[in-house]
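# Summary of structural features
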Amino acid sequence: QESPASQPVRLSAREREALQWASEGKNDWEIGEVMSISEHGADKHMRSVRAKLGAINRTQAVAEAIRRGLIA
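A short tour of the structure in this document, coming up. Not measured: the values here are computed from a predicted model.

Glancing now at the pattern of salt bridges. Throughout the structure, instances matching the rule amount to 6 salt bridges. The salt bridge involving R14 is made with E17; its shortest N-O contact spans 3.1 Å. Of the two residues, R14 and E17 are both situated in helix α1 (residues 13-23); the distance of 3 residues between them amounts to about one turn of the helix. For E64, the salt bridge identified is with R68, shortest N-O distance 2.7 Å.

On to unusual backbone geometry, then. Here S36, not a glycine, exhibits a phi torsion of approximately 60 degrees, which is positive. Mapping S36 onto the fold places it in the loop between α2 (28-35) and α3 (39-53).

Bringing the environment of K44 into the picture now. Checked against the element boundaries, K44 lands in helix α3. Residue K44 is classed as exposed on the basis of its relative accessible area, which comes to 56%. Residues K44 and E15, spaced 29 residues apart in sequence, show a C-alpha to C-alpha distance of 9.1 Å.

Thresholds, definitions, all that
Residues numbered from 1 in each chain as written. Predicted model: local features only at pLDDT ≥ 70, side-chain atom pairs only at ≥ 80, totals over all residues. Heavy atoms only, no water. Salt bridge = Lys/Arg side-chain N within 4 Å of Asp/Glu carboxyl O. Helix = DSSP H or I, 4+ residues; strand = E, 2+ residues; numbered from the N terminus. Buried < 20%, exposed > 50% of the residue type's maximum accessible area, 1.4 Å probe, protein only.

Written as structure tokens, this is what we have:
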């Protein structure tokens, strides 16, 4: 049986962008500003990212994305 971490994860370009900004310490409001979307929109992207990566919070999502090579 394969572990969940070995399953490929497909993030949209916008999800990846939001995650990259999160990795630089930006909050949802700041991510929304730089991506020209609402804070709610940024939160939605981050919720989707956490769900896809099986992460319980933003820090774990960033760490998992780096481990998987999804962001640098």
